[in-house]
Amino acid sequence: MTDPSLQPSRQPWRWAVIALAVGVLAAAFAYVGGWLTPQRLSSRQIVNQLQQGGVHPGFRRNHAKGVCVAGYFESSGAASAYSKASVFAPGRTPVIGRFALPGGNPYAPDSSVPIRSFALRFTLPHGEQWRTGMNSMPVFPVATPQAFYDQLVATQPDPATGKPDPKRVGAFFAAHPETGPFLAWVKTAKPSASYVTETYEALNAFYFVDAEGKRHAVRWEVTPEANDDAGTGPQAGDPDYLAKDLQQRLAQGPQRWHLRVTLAEPGDPTADATKAWPADRPTIDAGTLVIESEQAQDSGPCRDINYDPTVLPAGIEISDDPLLPARSSAYAVSYLRRTREEAHFPGAPRANPSSEHPQ
């Protein structure tokens, strides 16, 4: 006999609640995707603009050239007073990471840009994860998703010359004085000879939440123990020296960085990644990141990871920085596109045609 309490006619409010929940969820996805507000910048527009330099099926739309790494994080316990996240309790947490270059070309020469990136996924107990993407620069060029999109448009190569239009680039930077700190840094920045000797900055602010529920505004970075003396350095004309250097160093032993967390003072900006915090802010050495192995990205464990920086465990929260939700949404669009392409072109990420990358 059917339980009367389970019959829809007796409990219409249950179906109304379910319908409302589904409707709210659909509306949220529609808003994030820009479907309900066509005039608003959408993540699809950002990813479409990233693709203007060419699409490489199966690869990320940005940071396309990279290598997988694996190891662990050994917590010192020093950050546990500020965050209840289990990753900061004394002990080890497994890590899968990815070193990469900015840009959408997976065959770009390593010397083509002075910036390197380092993404990490910490696998915590009870199904929690912490994902973070960091870059080897002190500040981000712009503070908002719209400015980032405008920068992509302004620096897009002219089809006639293959290079960005200087007037258009100049007009963009003149209209965005917040890019000044980044431009000052990039004038003297040089491509490094190793992924291993770089310091990588999270750039965006986050909040640590302690056991009492108090929030602490933070930024973090990983600083290396290695120096350039341990590597061979790039050979003339070698476009892939970073991966070779990494292999050589790991053959000699694990590579280590220190996870340093900077605590903000009142008034330090949390919503503007173009502004560095003063150098006298207190810093915690939260522990040691140890990388033990590397593997090509087409078959390695990092290939199918979306390093969304808003995937956080209890004890870490996003700040009011508008770049964070924009990064999350754009990463999702890029992930769906490249994984769909892999399904249709399984060999795509393994291809390295000489026409795209002369040796």
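Because the structure is a prediction, the values reported are computed rather than measured. (Residues numbered from 1 in each chain as written. Predicted model: local features only at pLDDT ≥ 70, side-chain atom pairs only at ≥ 80, totals over all residues. Heavy atoms only, no water.)

## Focus: the overall build of the protein
The condition that has to hold: Secondary structure elements follow DSSP: runs of H or I of four or more residues count as helices, runs of E of two or more count as strands, with numbering from the N terminus. We call a residue buried when its accessible area falls under 20% of the maximum for its residue type, exposed when it is over 50%, and partly exposed in between, using a 1.4 Å probe and counting protein chains only. The contact criterion used is simple: two residues touch if any of their non-hydrogen atoms lie within 4.5 Å. Reported accessibility uses the Shrake-Rupley method at a 1.4 Å probe radius. Residues are deemed covered only where the shown protein chains occlude them.
In terms of helices and strands, the protein carries 7 helices and 10 strands. Counting across all 359 residues of the protein, residues that qualify as buried make up 46%. Here the analysis covers contacts within the protein between residues at least 6 apart in sequence; of these, 72% occur between residues at least 24 apart. Summed over all atoms, the accessible surface of the protein reaches about 17,700 Å², with 57% contributed by carbon and sulfur.

## Focus on the nonpolar core
Going by this rule: Residues grouped as a nonpolar core are buried Ala, Val, Leu, Ile, Met, Phe, Trp, Tyr and Cys residues, joined through side-chain atoms within 4.5 Å.
Core analysis: the largest hydrophobic core is formed by 39 residues, its most contacted members being Phe-88, Phe-99, Phe-118, Trp-130, Trp-220 and Trp-257. Core analysis: the second largest hydrophobic core is formed by 17 residues, Ile-115, Phe-172, Phe-182 and Leu-323 among them.

## Some details on the pattern of salt bridges
Put simply, the rule is: Whenever Lys or Arg places a side-chain nitrogen within 4 Å of a carboxyl oxygen from Asp or Glu, that contact is recorded as a salt bridge.
Under the criterion given, the structure shown has 12 salt bridges. A salt bridge links Asp-285 to Arg-260; its shortest N-O distance comes to 3.7 Å. Placement of Asp-285 in strand S9 (residues 283-296) and of Arg-260 in strand S8 (residues 255-263) is noted, with a sequence separation of 25 residues between them. Arg-260 gets classed as partly exposed once you look at its relative accessible area, which sits at 28%. Here Arg-281 ties to Asp-268 by a salt bridge, and the two come within 2.6 Å at their closest N and O atoms.

## So, the environment of Pro-254
By the element assignment, Pro-254 lies in the loop between helix H6 (241-252) and S8. Taking the relative accessible area as the measure of exposure, Pro-254 reaches 38% and is therefore partly exposed. Measuring from C-alpha to C-alpha, the distance between Pro-254 and Gly-71 comes to 8.5 Å, with 183 residues separating the pair along the chain. Other than its neighbours up to four places away in sequence, Pro-254 contacts Val-290, Ile-291 and Glu-292.

## Describing the environment of Pro-191
For Pro-191, the position within the fold is in the loop between helix H5 (180-186) and strand S5 (200-201). Residue classification places Pro-191 among the partly exposed residues on the basis of a relative accessible area of 36%. Taking C-alpha positions, Pro-191 is 8.3 Å from Arg-116, a pair spaced 75 residues apart along the chain. In this structure Pro-191 touches Asp-110, Ser-111, Val-113, Pro-114, Arg-116 and Tyr-241, once residues within four positions along its chain are discounted.

## Some remarks on helix H2 (residues 43-50)
Applied cut-off: The directions from the helix axis to the C-beta atoms form the arc being described.
If you check which residues of H2 are buried, you get Ser-43, Ile-46, Val-47 and Gln-49. Projection of H2 onto a plane perpendicular to its axis shows the buried side chains occupying an angular sector of 160°, all on one side.

## A short note on the pairing of strand S3 (residues 117-123)
For clarity, the threshold we go by: Here the rule is simple: two strands pair whenever DSSP picks up at least two bridges between them.
The element S3 is largely enclosed, with a buried count of 6 among its 7 residues. Here strand S2 (residues 91-100) pairs with S3 via 6 bridges, running antiparallel. Within the sheet, the bridge partner assigned to Arg-98 lies in S3 and is Ala-119. Bridging between S3 and strand S4 (residues 129-135) involves 7 bridges; their strand directions are antiparallel. Across the sheet, residue Phe-122 finds its bridge partner in S4, namely Trp-130.

## Overview of unusual backbone geometry
Look at His-126: it is not a glycine, yet its phi comes out positive at around 65°. Inspection of the secondary structure puts His-126 in the loop between S3 and S4. Positioned with a positive phi, Leu-203 is a non-glycine residue whose angle comes to about 70°. By secondary structure assignment, the location of Leu-203 is in the loop between S5 and strand S6 (206-209).

## Topic: the environment of Leu-120
Within the element layout of this structure, Leu-120 appears in strand S3. The buried category is assigned to Leu-120, whose relative accessible area is 1%. As a C-alpha pair, Leu-120 and Arg-131 span 11 residues in sequence and 5.6 Å in three-dimensional space.

As far as function goes, none of this settles anything; it's purely spatial.
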